[in-house]
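The residues making up each chain are set out below.
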Amino acid sequence: MDNSHVALVSMMLKAESFSPFRCDRNIALGINLSSLMKVLRCAQNEDILTLKADDAPDVVNLVFESSDSDRLSEYDIKLMDIDQEHLGIPETEYAATISMPSSEFQKICRDLMALSESGMNNPLSSTIPVLTDRAVAIEATKEGVKFSCSGDIGNGAVTLRSHTNVEKPELNVDISLSEPVALTFSLKYLVNFCKASGLSSTVKLCLSNEVPLLVEYALASNSYLRFYLAPKVHNSAVLSPTLVQLSSTDVQYRLVTKSRLAENKA
């Protein structure tokens, strides 16, 4: 989870993704991601990676073995003491599920990001709140799914409808809908999520009103990479749209809003 409690990432690598795989008991390893990335950059593309940790570890051991030579590289990363509170994610029945090519989703987010230079702005009055965070509205209806944004230079929208490509099924767009959904999200986060497009040819978006968006990339062996993003709140009593925050204390989603009216009175 990020520091602002707006986004959460969850990655599952199933045991069948490894050969061999051995885990005698459940164990939590606190690893600094920056340190892990530095070590992983030492590996070659075709290297075989082995991860090892003792029963009560102070370090995690990474071994890179070349598949076509006798080169063997070994690194130890010091572990961190982290909050082991389990961030359970409630099972949610989503009102809309969209499956689409990950490259298409990435292009939509990048194109709208370029258009939405400063989100919503009203240059006529400084008393009207300005949303400086770049935002995209996602609306799923029986006609399709629409991505739209507003910027200083104008407005933009992209609409996708369900279609099937027999020759290239990875290009299919499938929309399952039980009720219409319309939510607004931060484009900055979505663009960052799209960096995972190289891991999977398809992406799944799951939406329901007033709950975080689920962005899922399917990986090999039934593994997955999931991102959760809280929607922006629009309410007549809330002049400054804020982000729904993901609560890590009660493992439920909660709304956190701020009212500029209340701030002015204070």
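Residues numbered from 1 in each chain as written. Predicted model: local features only at pLDDT ≥ 70, side-chain atom pairs only at ≥ 80, totals over all residues. Heavy atoms only, no water.

**Q** Quick one: what's the story with the overall build of the protein, residue by residue and with numbers?
**A** When helices and strands are tallied, the protein shows four helices and 15 strands. Relative to its 266 residues, the protein shows a buried fraction of 34%. Contacts in the protein between residues far apart in sequence, at least 24 positions, make up 59% of those at least 6 positions apart. (Helix = DSSP H or I, 4+ residues; strand = E, 2+ residues; numbered from the N terminus. Buried < 20%, exposed > 50% of the residue type's maximum accessible area, 1.4 Å probe, protein only. Contact = heavy atoms within 4.5 Å.)

**Q** Lay out the sheet that holds strand β2 (residues 48-52) in plain terms, naming residues and giving numbers.
**A** Spatial ordering of the open sheet is given by β2-β3-β4, a layout of three strands whose pairing is antiparallel. The two strands at the open ends of the sheet, each matched to only one other strand, are β2 and β4 (72-78). For this sheet, the mean inter-axis angle between neighbouring strands, taken without regard to orientation, is 20°. The pairing of strand β3 (residues 59-65) with β4 spans seven bridges and is antiparallel. Looking across to β4, one finds that phenylalanine 64 is bridged to serine 73. Of the strands in this sheet, β2, β3 and β4 touch helix α1 (residues 33-40), which is tilted by about 20° from β3. (Pairing = 2+ DSSP bridges. Axes fitted to C-alpha atoms, helices over the stretch in contact; angles between N-to-C directions.)

**Q** An account of a nonpolar patch on the surface is needed here, citing residue identities and associated values.
**A** A cluster of nonpolar side chains, Met11, Leu13, Phe18 and Phe21, forms an exposed patch at the surface whose accessible area comes to about 390 Å². Tracing the backbone shows methionine 11 in strand β1 (residues 7-12). (Patch = residues over 30% accessible without salt bridge, like charges linked within 9 Å, V, L, I, M, F, W, Y side chains within 5 Å. Areas by Shrake-Rupley, 256 points an atom, 1.4 Å probe, with all protein chains shown as cover. Salt bridge = Lys/Arg side-chain N within 4 Å of Asp/Glu carboxyl O.)

**Q** For the sheet that holds β1, give the residues involved together with the corresponding values.
**A** Strand order in the open sheet made by the six strands is β1-β13-β12-β11-β5-β9, with antiparallel pairing throughout. The open sheet has two edge strands, β1 and β9 (174-177), and neither has a second partner. Put simply, the sheet's adjacent strands are angled 15° from each other on average, direction ignored. Contacts from helix α2 (residues 102-115) reach β5 (96-101), β11 (202-207) and β12 (213-218), with the element oriented near 100° to β5.

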